[in-house]
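Listed here are the chains, written in short residue letters.
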Amino acid sequence: MPEPEFPIRDQDSVPNGAVVAVSIDGRHRFSKISRLSITLTRGHGIKGDAHYGPLVRHRYLARSNPKAPNLRQVHLIPSELFDALRTSGFKVRPGDLGENIATVGLDLECLPLGTLLRLGASATLELTGLRTPCVLIDRFKSGLKNRLQGRPAGPRFKAGVMAIVTQGGEVSPGNRIRAVLPARPHLDLPPL
């Protein structure tokens, strides 16, 4: 069945991308396990993942405000980051940095707040912020946190983005991703 067409809400040209890998883990561990597919549920995230639910599931954030909305339901990271890290001496594979979806062809951290990502036949995510690198990244690979800090001319962090599920569906490697920008003015993704 062909993928549905969605209207772009402004005239900006946004490249299409694709899903490279999908990963989940039902326990709160740093890295996630690669899967053949994942199931997104509107307002909750990814079935079977530790961050599934409408309220904040991040352990540190939940301690300070357990009734906060879950703006970190899905973590996406550009697979191009893995290549860049390899040239710096860090061997990182999909799922290693705790992301749920590794992508190709989209500069995720540079997309504006509220961008919709249409994945596969029906799933839709809304970008809510930049993933903030924490101390666990250095425990995974010493020195990696510093490498994921942004540059003065770009986003503050280069560790992927966070999103909420606005429309559920199955997502698998090879699925197309189409970005739909929000209406102007565009706001930068805040750190989450």
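Residues numbered from 1 in each chain as written. Predicted model: local features only at pLDDT ≥ 70, side-chain atom pairs only at ≥ 80, totals over all residues. Heavy atoms only, no water.

Trainee: Can you walk me through the overall build of the chain in this structure?
Mentor: Helices and strands together make up the secondary structure of the chain, namely 4 helices and 11 strands. Overall size of the chain, expressed as C-alpha extent along the three principal axes, is 45 × 35 × 30 Å. Of all 192 residues assigned to the chain, the portion counted as buried reaches 46%. The long-range fraction of contacts in the chain, counting pairs at least 24 apart against all pairs at least 6 apart in sequence, stands at 70%. Roughly 9,600 Å² of accessible area belongs to the chain as shown, and the carbon and sulfur atoms make up 55% of that amount. Across the chain, 27 positive and 16 negative side-chain charges occur, with their mean positions spaced 8 Å apart. (Helix = DSSP H or I, 4+ residues; strand = E, 2+ residues; numbered from the N terminus. Buried < 20%, exposed > 50% of the residue type's maximum accessible area, 1.4 Å probe, protein only. Contact = heavy atoms within 4.5 Å. Areas by Shrake-Rupley, 256 points an atom, 1.4 Å probe, with all protein chains shown as cover. Lys, Arg positive; Asp, Glu negative; His and termini not counted. Charge placed at Lys NZ, Arg CZ, Asp CG, Glu CD.)

Trainee: Hey, could you run me through the packing of aromatic side chains in this one?
Mentor: Enumeration over the complete set of coordinates arrives at 1 aromatic pair. With a centroid separation of 5.4 Å and an interplanar angle of 35°, the aromatic rings of phenylalanine 30 and phenylalanine 140 are classed as tilted. Of this pair, phenylalanine 30 sits in the loop between β1 (16–24) and β2 (33–35) while phenylalanine 140 sits in helix α3 (residues 135–140), placing them 110 residues apart in sequence. On the basis of relative accessibility, which here comes to 27%, the residue phenylalanine 140 falls in the partly exposed class. (Phe/Tyr/Trp six-rings, centres within 6.5 Å; stacked < 30°, edge-to-face > 60°.)

Trainee: Sorry, what's going on with unusual backbone geometry here?
Mentor: With the exception of glycine, most residues fall at negative phi, and the peptide bonds are largely trans. Note the cis peptide between arginine 184 and proline 185, where omega equals 5°. Along the chain, proline 185 falls in the segment after β11 (176–180).

Trainee: Even after reading the chapter, I still don't get the pattern of salt bridges, so can you show me in this structure?
Mentor: When charged atoms on two side chains of opposite charge get close, those side chains can pair. Per the counting criterion, the structure on display carries 6 salt bridges. The salt bridge involving lysine 32 is made with aspartate 49; its shortest N-O contact spans 2.9 Å. Of this pair, lysine 32 sits in the loop between β1 and β2 while aspartate 49 is found in the loop between β4 (45–46) and α1 (59–64), placing the two residues 17 residues apart along the sequence. With a shortest N-O distance of 3.7 Å, glutamate 109 and lysine 158 are connected by a salt bridge. Of the two residues, glutamate 109 is situated in the loop between β6 (101–104) and β7 (116–119) and lysine 158 in the loop between α4 (144–147) and β9 (161–167); the sequence distance between them amounts to 49 residues. Judged by relative accessible area, which is 6%, glutamate 109 ranks as buried. Sharing partners across several salt bridges, the network here consists of Asp107, Glu109 and Lys158. (Salt bridge = Lys/Arg side-chain N within 4 Å of Asp/Glu carboxyl O.)

Trainee: Sorry if this is basic, but what is going on with the pairing of strand β5 (residues 74–78) here?
Mentor: The two faces of a sheet get side chains in turn, since along a regular strand they alternate between them. Here β5 lies mainly inside the structure; 5 of its 5 residues are buried. Here β5 shows no split at all, with Val74, Leu76 and Pro78 on one side and His75 and Ile77 on the other all buried. Read as a crossover between parallel neighbours, the route from β5 over helix α2 (residues 80–87) to β6 is right-handed. (Right-handed = clockwise from strand over helix to strand, strands pointing away.)

Trainee: Explanation requested: the pairing of strand β8 (residues 123–130) in the structure shown.
Mentor: When you tally the buried positions in β8, you get 7 out of 8 residues, the bulk of the element. As defined by bridge partners, β7 adjoins β8 across 4 bridges and the pair is classed as antiparallel. In the sheet register, leucine 117 faces β8, and the bridge partner there is leucine 125. Hairpin connection of β7 to β8: 3 residues between the antiparallel strands, including glycine 120 at a positive phi of 60°. Both β8 and β9 contribute to a ladder of 6 bridges, which runs antiparallel. Directly across from glycine 129, in β9, lies its bridge partner methionine 162. (Pairing = 2+ DSSP bridges.)

Trainee: So what exactly am I meant to see when it comes to the sheet that holds strand β3 (residues 38–41) here?
Mentor: Two orientations exist for strands paired in a sheet by backbone hydrogen bonds: parallel and antiparallel. The strand order across the open sheet built from 3 strands is β4-β3-β10, with neighbouring strands paired in antiparallel fashion. Looking along the sheet, the strands with just one partner apiece sit at the ends: β4 and β10 (169–171). In terms of strand pairing, β3 meets β10 through 3 bridges, oriented antiparallel. Bridge assignment links threonine 39 to a residue of β10, and that residue is glutamate 170.

Trainee: Explain α2 to me, please; I cannot follow it from the model alone.
Mentor: Residues lying three or four places apart along an α-helix face the same way, a consequence of the helix completing one turn every 3.6 residues. Here α2 has its buried residues at Leu81, Phe82 and Leu85. An end-on view of α2 places all buried positions within 100° of arc, on one side of the element. Elements that come into contact with the buried residues of α2 comprise β5, β6 and α4. Just downstream of α2 lies glycine 89, where phi reads positive at about 95°. (Arc of directions from axis to C-beta.)

Such coordinate-based values are descriptive only and should not be taken to indicate function.
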